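Here is how the chains run, residue by residue.
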Protein chains: 2
Amino acid sequence: MLYLSFDSIKQTLATALAAAGFAPAPAAQLADVFARNSLEGVYSHGVNRFPRFLSDLEQGVILRDARPETVASLGGMEVWDGHFGPGPLTAEAAMARAIALSHTHGIACVAVRNTNHWLRPGRYGWQAAEAGVAALLFTNTSGNMPAWGAKDPRLGNNPLVLAIPRKKGAVVVDLAMSQFAYGKLELAALAGEQLPIPGGYDEAGALTTDPGAILHSQRILPAGYWKGSALSLGLDLMAAALSMGRTVSMIRADPLPERGLSQVFVAVDFRGLLDEAQVDHLLDGAIEDLLGSAPVEGGRPIRYPGQRREETIRHNLEHGVPVNEVTWQKILNWIAAHREEEIV
Amino acid sequence: MLYLSFDSIKQTLATALAAAGFAPAPAAQLADVFARNSLEGVYSHGVNRFPRFLSDLEQGVILRDARPETVASLGGMEVWDGHFGPGPLTAEAAMARAIALSHTHGIACVAVRNTNHWLRPGRYGWQAAEAGVAALLFTNTSGNMPAWGAKDPRLGNNPLVLAIPRKKGAVVVDLAMSQFAYGKLELAALAGEQLPIPGGYDEAGALTTDPGAILHSQRILPAGYWKGSALSLGLDLMAAALSMGRTVSMIRADPLPERGLSQVFVAVDFRGLLDEAQVDHLLDGAIEDLLGSAPVEGGRPIRYPGQRREETIRHNLEHGVPVNEVTWQKILNWIAAHREEEIV
C-alpha cells in the first residue's frame, strides 16, 4: 500500500485527466472527487476506481465533453439529460441545483437521465449537508443482484443516501441494496476470509458465507432479503419515472458496460422554514441517545453513519491517503503513455 | 375466523366511532381506512387494530377532535402540527395536500409533527398512485429495535413507502426497517413455527429463528443488519428535522403509549412534466423483465410489490373479509357498552 498526500493525488489525477483531454476546470473537479473519496476512507470509490474511469472514457461509456441539459421543469423540479457525460460532474451540478432550488421552493428535485456512475453516493449527501440542506438521493445501476427468490441478477444494487445536516456533525446514510458490495466480497476472497453472515448463493443455490462462491455465481443477496429486493425495484422505477430515463433492465440491455443511469437528487431546506437551534437540539438528543446504546457482549460502542469521517480525514492528511500500489502504477503508466503520444 | 362483508365492517366501525363521539364524516373516513386495510389483505393494520384505536382514544393518546394545523410553509413545502389527532385522518389530509401542491410545484412535501399511528403505511402510497403522482413517505415510531451491535431497542422500525403510479398497476413498496414485524412474530409463535431466517436475539444474545425467544427479549433484528439500522436512524432524523417534531428517542420517553410521531409525505407529479405514455412504457418494460426472473429451485414466480392487491380485494369482496373473531366480539361489546352509557 502507498500512502500519498492528498494534494499530490489530486495533481497526478488532474494531470491524467488533462492528458485525456479535459479542460483544467473539469479536470480539477474530477480529480478532487476521486482524491477526496479516498481521503474520506471510501477507497473502493476513490483513486482505486480511477483506471476504470479512464477505460470508460476510452470505450465511449463516458463522453468527456458532454454536459447535462435541462429538458423539463416545473416549480422546484427539474429533469436533466446527462448525455452520457462524466457522472461525478453531473451529480455535483445536479445536487447544487437542487440545493439552490430548495432555498425558494422548500423542497426541490433534480432527476437526471442518461448519466454515468457517480462514484461514492454519499459525496453528494455531504455536499448538501455542508450547505445546511437535507438531501435524499438515489441512483440505479446495471443488473447485479437477483430479486429475492430469483436466480438471475435482474435488479441493481441502487444506492440510496439520506443526509441530515447538524452543527455537531451531519448524519449521512449511504447504502446499496445488496447486503455486501462486490468489492467487499473481492477483498474477503483475497484475504481468505468468510463473511460474517450469508452474502449470496453458491452455484448449487445454497446461501453461503464464502465470498469466492458468490463471486462465481454472481448471485449476491439483497439486504434484508425481500426488503432490499423490493426497495431496489422501487428506487429503480422511481429514478426512471422521474427522469424518464433508463431502468436497470434497459441499462443491462446496453452492450456497453454500465452507463446511462437514472439518478434523483432531492433537497429540503428545512432550516429556511424552521428554528435551526431547535432542530439541532432535537437531532443532538437523538444522536446522544443512540450513542448511549448498550453494545452486545464483546461489541464496540455504537456509532452513527458519518461519525468517523472527520477522524479519517485527519488521519489520512497526517499519515497519507492509502492507495493500492498496482493501481497507482497503472495511473502513472497511463500518464507516461499519453504524454508520449502527445509528443509524437 | 369471521368472513364479513366490507360494507358491514365499515358500518359497524362507523357506529363504534360515533359512539366514541366522532362526527359522521370523520367516523366514516376512519371506518373506511380500517376496513379497506383489511379488505386489501393487510389484516394486522386493519380491523384487528381497531380495539387499540379505541383504547388509545380512552387513554388520551389520540385526541379525537384535534385536527392538523399548518405551522410553516415555503413553496412546495408545508410543516404541519398534528396536535395528537387521529393519525389516519391527518395522514390522508397531508398526502392529499402534498399531491395538490405537486401539481404546481413539481415536487411537494408535507412534514407533520405530533401526529399518531397511521395504521398501514402503504395506504397513503396508494392514495398518491391513484392520483397519478409518485410518492415517498415515512414515519418514525416508538423504540422497538436495537441498533445493529446494540442490546437495547432505541431505534424505531420506521416504515418507508415508495409509490410509483402505472396504468397497468402501480408499484407500492411498503416496508418497515425490522426484518420481521412483531405481529408476524406473534403469529409464528402462536402457530409454533420457526422463522425462515434469524429475526432477532434470544435472552442469551444469540441470533435465533425462534419467534417466542425474540418476543421475550424484544431484540428484533434490523433488516439487512447494519443497513436497516442506519436507514432507520436516517429516516427518524429526517422526519424529526423536516417537521421539527419528535425523534424516536423523544417518543420513547413519553410515559403514554406510542404517540406524537413525525411523518413526511413527498409527492412528485412527474406526469405533469413528462410524456405519460413514454414513462409507462419504461415502467412496463422493467416490470415485465422482473417477472421474467428465473425462480430459485422449487420457488414461486417473482411478483412485484402491489401486484396481488386487486386479486386480494376481489377475493375478499366475494368471500368476505377475514376478521379475527375475538377482536370482532370486542368491538361489538364495546359498542353495546357505550350505547348503554349513552342511554344512561
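Residues numbered from 1 in each chain as written. Chains lettered and ligands numbered in written order. Predicted model: local features only at pLDDT ≥ 70, side-chain atom pairs only at ≥ 80, totals over all residues. Heavy atoms only, no water.

A. Structural view of the relation of the copies chain B and chain A. In screw terms, the move from chain B to chain A is a rotation of 180 degrees and a rise of 0.0 Å along the axis, fitting with an RMSD of 0.0 Å. In short, the pair behaves as if placed about a two-fold rotation axis. Minimal C-alpha distance to the rotation axis in chain B is attained by Gly224 of chain B, lying at 2.0 Å. Comparing contact sets, 100% of the residues at the interface of chain B also lie at the interface in chain A, consistent with an isologous, same-surface contact. (Least-squares fit on C-alpha atoms with pLDDT ≥ 70 in both. Contact = heavy atoms within 4.5 Å.)

B. Fine view of the interface of chain B and chain A. Listed as interface residues are 86 residues of chain B and, on the opposing side, 86 residues of chain A. Of the roughly 7000 Å² buried where chain B meets chain A, counting both sides, 75% is carbon and sulfur surface. In this assembly, chain B and chain A are joined by 6 salt bridges. Where chain B packs against chain A, one counts 22 residue pairs in polar contact (both at pLDDT 80 or more). A per-element tally of the side of chain B that touches chain A places helix H8 (residues 226-243) of chain B first, with 13 residues. The residue makeup of the side of chain B that touches chain A, split by class, is 55 nonpolar, 21 polar and 10 charged. (Buried area = accessible area lost by both parts, 1.4 Å probe. Salt bridge = Lys/Arg side-chain N within 4 Å of Asp/Glu carboxyl O. Polar contact = N/O pair within 3.5 Å; in protein donor to acceptor, adjacent residues only side chain to side chain. Helix = DSSP H or I, 4+ residues; strand = E, 2+ residues; numbered from the N terminus. Nonpolar A, V, L, I, M, F, W, Y, C, P; charged D, E, K, R; others polar.)

C. Seen up close, unusual backbone geometry. Residue and element names in this part refer to chain A. If you check the backbone angles, His83 has positive phi at about 50 degrees while not being a glycine. On the secondary structure map, His83 appears in the loop between strand S3 (77-81) and helix H4 (87-105). Since its relative accessible area comes to 30%, His83 is described here as partly exposed. Of note in the backbone geometry, Asn158 takes a positive phi value of approximately 30 degrees without being a glycine. Using a relative accessible area of 0% as the deciding quantity, one classes Asn158 as buried. (Buried < 20%, exposed > 50% of the residue type's maximum accessible area, 1.4 Å probe, protein only.)

D. Spatial organisation of the pairing of strand S4 (residues 107-115) of chain B. Residue and element names in this part refer to chain B. Taking burial as the measure, the 9 residues of S4 include 9 buried ones, the bulk of the element. Relative to S4, strand S3 (residues 77-81) runs parallel, the two being bridged by 5 bridges. Within S4, the position partnered with Met77 by the bridge is Cys109. Following the backbone out of S3, through helix H4 (residues 87-105) and into the adjacent parallel S4, one traces a crossover that is right-handed. (Pairing = 2+ DSSP bridges. Right-handed = clockwise from strand over helix to strand, strands pointing away.)

E. Looking closely at the sheet that holds S4 of chain B. Residue and element names in this part refer to chain B. The 7 strands are arranged S2-S3-S4-S10-S5-S6-S7 in an open sheet whose pairing can be described as mixed. Each edge of the open sheet carries a strand with a single partner, namely strand S2 (69-74) and strand S7 (171-175). Between one strand and the next, the sheet's axes are offset by a mean angle of 10 degrees, whatever the strand orientation. Across the sheet, helix H5 (residues 122-130) is in contact with strand S5 (134-139), strand S6 (160-164), S7 and strand S10 (261-268); its angle to S7 comes to roughly 160 degrees. (Axes fitted to C-alpha atoms, helices over the stretch in contact; angles between N-to-C directions.)

F. Spatial organisation of empty space enclosed by the protein. Applying the stated criterion across every chain yields a total of 7 cavities of 30 Å³ or more. Put simply, the largest cavity is a space of about 170 Å³. Lining of the largest cavity is provided by 19 residues; of these, Ile107, Leu136 and Val266 of chain A together with Leu136 and Val266 of chain B occupy positions nearest its centre. Elements that contribute at least two residues to the lining of the largest cavity include exactly strand S5 (134-139), helix H8 (226-243) and strand S10 (261-268) of chain A together with S5, H8 and S10 of chain B. Looking at the lining of the largest cavity, the element that brings in the most residues is S5 of chain B, giving 4 residues. The class makeup of the residues in the lining of the largest cavity is 19 nonpolar, no polar and no charged. As for the second largest cavity, its lining consists of 15 residues, of which Ala223 and Leu231 of chain A together with Ala223, Gly228 and Leu231 of chain B are closest to the centre. At the level of secondary structure, the elements contributing two or more residues to the lining of the second largest cavity comprise H8 of chain A together with H8 of chain B. For the lining of the second largest cavity, the per-class residue count stands at 10 nonpolar, 3 polar and 2 charged. (1 Å grid on protein atoms, 1.4 Å probe; cavity = no way out; pocket = protein on both sides within 12 Å on 5 of 7 lines; lining within 4 Å. Points joined across faces, edges and corners; volume = space filled by probe spheres on them.)

G. Here's a closer look at the sheet that holds strand S6 (residues 160-164) of chain A. Strands sit in the order S2-S3-S4-S10-S5-S6-S7 (chain A) across an open sheet of 7 strands; the sheet is mixed. Each edge of the open sheet is held by one strand with a lone partner, namely strand S2 (69-74) and strand S7 (171-175) of chain A. With direction set aside, neighbouring strand axes in the sheet form an average angle of 10 degrees. With 4 bridges connecting them, S5 of chain A and S6 of chain A associate as antiparallel partners. By the bridge assignment for S6 of chain A, Phe138 of chain A is matched with Leu160 of chain A. Helix-sheet contacts for H8 of chain B involve S5, S6, S7 and S10 of chain A, and the interaxial angle to S6 of chain A is about 45 degrees.

Nothing here speaks to function; it is all geometry.
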